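# Tertiary structure, described
Residue-level listing of the chains:
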Amino acid sequence: MIKVKSLVINLSLVFFSLAILLLIIEGGLRVVAAIKRNFLGSDLYVCGNVYLINPALFKKALSPDPNFMPVNIETSVAGRHVRTNSSGMRAERDYSLNKALGVYRIATIGDSVTFGWGVDYNEAYPAVLENILRARFGDKVEVLNFGMPSLNSQEELLLLKSKILNYDPNLIIIGYHPNDIYYDLKLVHFFNTFVPRFLAERSRLYGCVFSVWQHLTNSYAPYYQEAYKKGSPLWETQKSFFAELSFISREKKIPIFVVVLPEWRDFSDKHRLKQVYDLVSGEAIKNGLSALNVFSMLRDKGVTDVEKNYRVDFNSEDYDHPNRVGHEAIAGLIFEFLLKSGFLRSN
């Protein structure tokens, strides 16, 4: 009886000590998050890609507005100066709804890659593309950046209809990243039960453990495969997204061009999202849209060293966001494609 009582006491002490330790670690991570939020304007990279667990985190923190576009802000995001204009674009000035006579206006829309996460405004691919086009065709070219961190495709479609079309663009570029498919985390198999979803939304420690586990096991490969497989509710919704883009393009007589953005890792035949890029590009083309597969195009040009030279921070686990060199590569490919496709011949 005494031994049993002693065992219960010891086990209780172990569990109590473990609980205290976990609380201390959780508290420490929250302190680190607060420091990062104060000095970097964001706490998303406290431990790996924690923001992928709750992709609405940044957007809700920055703007509760249903249109997703925080207007007239000037702050620091991911260590870079960010300014938005009165329409919520990342821009140094305002744009009138009615473009000037003879102006060729391109509207870009996408998530944090298009927004320019981790780079300055003039280093993001929309601004780089504008500079390239102006050097070739003069200053009557505008490229508007409607990118916003964490936007998914359904939100992009809403934004396109409610705001972007009002700016009378001659061309619309969709910067498509594979994680744009996640409009509902309840449909993601990693979070389709209450407990994982509850912890993912509330615990920094859980986010860190999950992120490290993903990194060590490459577990996002099946994560994406699950989302993009035939019959997946997420992929079926995404096919409707491309069909809706096609309808808008025909109805408004505005070309829509889908740029499929890659993960910046392992540009080889074993790249884990290669099939996803091909699937998305094919679906866009199937719906009568133009599509550019950045992964394939850079591979064709012999680019392989993307992890070291093309992503925003070589020392982090961020493989989603390109650095200045990566954005220049994207803009260069878009420019080449626009010339070859004839979008710019008469302008």
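As the structure is a prediction and not an experimental result, all values here were calculated from the model.

Basis of the calculations
- Residues numbered from 1 in each chain as written.
- Predicted model: local features only at pLDDT ≥ 70, side-chain atom pairs only at ≥ 80, totals over all residues.
- Heavy atoms only, no water.
- Helix = DSSP H or I, 4+ residues; strand = E, 2+ residues; numbered from the N terminus.
- Buried < 20%, exposed > 50% of the residue type's maximum accessible area, 1.4 Å probe, protein only.
- Phe/Tyr/Trp six-rings, centres within 6.5 Å; stacked < 30°, edge-to-face > 60°.
- Lys NZ or Arg CZ within 6 Å of the ring centre and 35° of its normal.
- Pairing = 2+ DSSP bridges.
- Axes fitted to C-alpha atoms, helices over the stretch in contact; angles between N-to-C directions.
- Contact = heavy atoms within 4.5 Å.
- Expected span 1.5 Å × (residues − 1).
- Parallel < 35°, antiparallel > 145°, perpendicular 65-115°, else oblique.
- Left-handed = near helix turned anticlockwise from the far one by under 90°.
- Nonpolar A, V, L, I, M, F, W, Y, C, P; charged D, E, K, R; others polar.

### Digging into the environment of Gly302
Of note, Gly302 is situated in the loop between α11 (294–300) and α12 (306–309). Given the relative accessible area of 52%, Gly302 is considered exposed. Once the C-alpha coordinates of Gly302 and Phe267 are considered, the two residues, 35 residues apart in sequence, prove to be 9.5 Å apart.

### Details of unusual backbone geometry
Even without glycine at this site, Asn72 takes up a positive phi of about 50°. Counting through the fold element by element, Asn72 comes out in the loop between α2 (57–62) and β1 (74–77). Exposure remark for Asn72: the relative accessible area of 54% places this residue in the exposed category. Non-glycine residue Ser150 carries a positive phi angle of around 80°. By relative accessible area, which is 17% here, Ser150 ends up buried.

### Observations concerning the packing of aromatic side chains
Counted according to the given criterion, the structure contains 10 aromatic pairs. Look at Phe146 and Tyr167: their rings are 5.7 Å apart centre to centre, the planes differ by 65°, and that puts the pair in the edge-to-face class. Highlighted residues: Phe146 in the loop between β4 (141–145) and α5 (153–162) and Tyr167 in the loop between α5 and β5 (171–176), separated in sequence by 21 residues. With a centroid separation of 6.0 Å and an interplanar angle of 5°, the aromatic rings of Trp264 and Tyr310 are classed as stacked. Highlighted residues: Trp264 in the loop between β6 (256–260) and α10 (274–286) and Tyr310 in the loop between α12 and α13 (324–341), separated in sequence by 46 residues. Take Trp264 and Tyr310: they sit in the same class, and that class is buried. Grouping aromatic residues by their ring pairs yields a cluster made of Trp264, Phe267, Tyr277, Phe295 and Tyr310. The ring of Phe115 has Arg90 lying over it, and the distance from NZ or CZ to the ring centre is 5.0 Å.

### Describing the sheet that holds strand β3 (residues 104–110)
One open sheet holds the 5 strands; their spatial order is β4-β3-β5-β6-β7, and the pairing between them is parallel. Where the open sheet ends on each side, the last strands, each with one partner, are β4 and β7 (290–293). Shown here is a sheet whose adjacent strand axes are inclined to one another by a mean of 20°, direction ignored. Taken together, the 4 bridges between β6 and β7 define a ladder with parallel strand orientation. Across the sheet, Val258 pairs through a bridge with Ala291, a residue of β7. Across the sheet, α5 touches β3 and β5, and the angle it forms with β3 is around 150°.

### Some details on α13
Spanning 18 residues, α13 covers 26 Å between terminal C-alpha atoms, matching the ideal 26 Å at 1.5 Å per step. Those residues of α13 not exposed but buried are Gly326, His327, Ala329, Ile330, Ala331, Leu333, Ile334, Phe335, Phe337 and Leu338. Within two residues after α13, Gly342 carries a phi angle of roughly 85°, on the positive side.

### Side note on the pairing of strand β2 (residues 80–83)
Bridge count between β1 and β2: 4 bridges; the pairing is antiparallel. Within β2, the position partnered with Val77 by the bridge is Arg80. Connecting the antiparallel pair β1 and β2 is a turn made up of 2 residues, with Ala78 showing a positive phi of about 55°.

### Brief notes about the packing of helix α9 (residues 233–252) against α10
Running from N to C, α9 and α10 cross one another at 40°; their axes reach a closest spacing of 9 Å. Relative to α10, the element α9 is oriented oblique. Crossing handedness for the pair α9 and α10: right-handed. Where α9 abuts α10, its residues Trp235, Lys239 and Phe242 lie against Leu279, Val280, Glu283 and Ala284. Counted by class, the contact of α9 with α10 contains 5 nonpolar, no polar and 2 charged residues.

Such coordinate-based values are descriptive only and should not be taken to indicate function.
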